[in-house]
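Examining the three-dimensional arrangement
Spelled out from the first residue to the last, the chains are:
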Amino acid sequence: MVDRLVNSEANARRIAMVESCFGTAGQPLNEPGRVLVGEGVLTKMCRKKPKPRQFFLFNDILVYGNIVLNKKKYNKQHLIPLEEVQLSSLEDDGQFRNGWLIKTPTKSFAVYAATATEKSEWMAHINKCVSDLLRKSGKKAAENHAAVWVPDSDTSICMHCKKTQFTLINRRHHCRKCGKVVCGPCSNRKIVLQHQSSKPLRVCLSCHDELSSAQTQPSGHPNSFDTSMKERANDSSGDDDSDEDTDDPSLQSPQSVTETMTFYEGGEASNGETQAALDVSTASATSSSEKMDSPAATSIDSTPFTTPTDSTPTAISDTPASPMEQ
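Since this is a predicted model, take the numbers as computed values, not measurements.

When helices and strands are tallied, the protein chain shows 6 helices and 14 strands. Classification of the 326 residues of the protein chain by burial places 47% in the buried group. Across the protein chain, contacts joining residues at least 24 apart in sequence account for 60% of those joining residues at least 6 apart. Accessible surface, the protein chain as shown: approximately 15,700 Å² in total, 49% of it carbon and sulfur.

Below, the structure is given as structure tokens:
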């Protein structure tokens, strides 16, 4: 599937469209041998609440960003090398359904699809791309992955001391080792987590004690650092997760999107829809009058696939998204 798309005009147009939708906020994506395998909207579990995000699966990277204008403009682009990715399925839990974990050495998070079928399709395509990439490169899959952060809303007290109540003054912090929500005094140490960053990262006291003995400098002193009050006040090393509300108000919930994913093969799309929306967004972003070919239904194994219309409710906050940035 991927090999047939490498030099196709349809693939080149799609990648150009994605680049234009991110504009100057994104990195160039048109690399030799790169193929856009699929795209769609997933609900990402962010630090404060679940939010819709646009995902683009390439044969070597996974890209996602905030939706400013649906199918027209995205920002806050994130690029994840697929050779670092490992997926883990999540059991349905109340309103949180059809989810899985995307784990990498530097960042891990949960995402949720609109239906069980979409979850299955996404996971199958991502795993296929990862396995193909590792096989061709001869590399081994990453063994160490960053912890998935506990959402702020899951606890109102520090998960370490079990005492401190979070307020506007007593801020929440996340341990970069275990992902728990902790207070300032219980996370006033930093230590180098080599698979995440060369810089010292905030960790809770329990994780610091566990790691400090293994990470000692030649002098015999732990490779860790005390976080002063000033540093703690200014510390935002990933705490905001780059998830400010810049989203399209029409996408307060993925349920408002009838078709949330498209996978391509041979210039065609797997959701059985024509590419009218893609043509419109491409013309809007690039001022090109060139039209995309109408797709036929296909899937990763060439089996026809159509996204169900009776979507299972997905995980999403009841809190409306903030107004879109102009």
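For strand β6 (residues 99–103), the buried fraction is high: 5 of the 5 residues fall into the buried class. Across 5 bridges, β6 lies against strand β7 (residues 108–112) in antiparallel orientation. Bridging from a neighbouring strand, K103 pairs with S108 of β7. The loop that links β6 with its antiparallel partner β7 comprises 4 residues.

This part is about the pattern of salt bridges. Side chains that carry opposite charge are capable of pairing whenever their charged atoms lie near each other. Here the structure, examined in full by the defined rule, presents 7 salt bridges. Linked through salt bridges whose partners overlap, the residues forming this network are K128, D132 and R135.

Our focus in this paragraph is helix α3 (residues 116–137). If you check α3, its first and last C-alpha atoms are 32 Å apart, about what 22 residues at 1.5 Å a residue would give, namely 32 Å. Burial in α3 covers these residues: E118, K119, E121, W122, M123, H125, I126, C129, V130, D132 and L134. A positive phi of about 75° marks G138, the residue just after α3.

The geometry of an aromatic ring pair is captured by the separation of the ring centres together with the interplanar angle, meaning the angle of the planes. Within this structure, the stated rule accounts for 7 aromatic pairs. Among the aromatic residues, those joined into a cluster by ring pairs are F22, F56 and Y74. Its guanidinium or amino end placed over the ring of Y264, R14 lies 3.8 Å from that ring's centre, counting from NZ or CZ. Lying across the ring of F58, R34 places its NZ or CZ 5.9 Å from the centre.

Grouped together as the largest cluster of nonpolar side chains are 24 residues, with contacts concentrated most on F55, L57, W100, I102, W122 and I126. Broken down by secondary-structure element, the contributors of at least two residues to this core are β1 (36–45), β2 (50–58), β3 (61–69), β6, β7, α3 and β13 (261–265). With 6 residues, the single largest contributor to this core is α3. For W122, the residues in contact, after removing those within four places along its chain, are E39, G40, L42, F55, L57, W100, M261 and F263.

A few words now on unusual backbone geometry. A positive phi angle, near 60°, is found at N98, a position not held by glycine. Its place among the elements puts N98 in the loop between β5 (86–89) and β6. By relative accessible area, N98 is classed as buried at 4%. Of note, the phi angle at K162 is positive, near 60°, even though the residue is not glycine. Residue placement: K162 occurs in the loop between α3 and β8 (173–174). Overall, K162 belongs to the exposed group, its relative accessible area being 54%.

Moving on, we come to the confidence of the model for the protein chain. Note: predicted coordinates in regions of low pLDDT should not be interpreted at a detailed level. Looking at the protein chain as a whole, its pLDDT mean stands at 74, while 65% of the residues score no less than 70. Per-element confidence in the protein chain is highest for β6, whose mean pLDDT is 95, and lowest for helix α5 (residues 229–234), whose mean pLDDT is 38. Taken together, the stretch residues 227–249 has pLDDT below 50 and engages in 66 contacts with residues farther than four places along the chain or on a different chain. Confidence over residues 266–326 falls short of pLDDT 50; this stretch has 133 contacts with residues more than four positions distant or in other chains.

Within the element layout of this structure, S131 appears in helix α3. The class for S131 is partly exposed, based on a relative accessible area of 36%. Distance in space between the C-alpha atoms of S131 and L82 is 9.2 Å, their sequence separation being 49 residues. Reaching out from S131, the side chain makes a polar contact with the backbone oxygen of K128 at a distance of 2.9 Å.

In this model helix α2 (residues 9–22) runs 20 Å from its N-terminal to its C-terminal C-alpha over 14 residues, within 8% of the 20 Å that 1.5 Å per residue would give. Every buried residue of α2 is listed here: A10, N11, R13, R14, I15, M17, V18, C21 and F22. Looking one or two residues past α2, G23 carries a phi angle of roughly 60°, positive in sign.

The rules behind the values
- Residues numbered from 1 in each chain as written.
- Predicted model: local features only at pLDDT ≥ 70, side-chain atom pairs only at ≥ 80, totals over all residues.
- Heavy atoms only, no water.
- Helix = DSSP H or I, 4+ residues; strand = E, 2+ residues; numbered from the N terminus.
- Buried < 20%, exposed > 50% of the residue type's maximum accessible area, 1.4 Å probe, protein only.
- Contact = heavy atoms within 4.5 Å.
- Areas by Shrake-Rupley, 256 points an atom, 1.4 Å probe, with all protein chains shown as cover.
- Pairing = 2+ DSSP bridges.
- Salt bridge = Lys/Arg side-chain N within 4 Å of Asp/Glu carboxyl O.
- Expected span 1.5 Å × (residues − 1).
- Phe/Tyr/Trp six-rings, centres within 6.5 Å; stacked < 30°, edge-to-face > 60°.
- Lys NZ or Arg CZ within 6 Å of the ring centre and 35° of its normal.
- Core = buried A, V, L, I, M, F, W, Y, C linked by side-chain atoms within 4.5 Å.
- pLDDT = per-residue confidence, 0-100.
- Polar contact = N/O pair within 3.5 Å; in protein donor to acceptor, adjacent residues only side chain to side chain.

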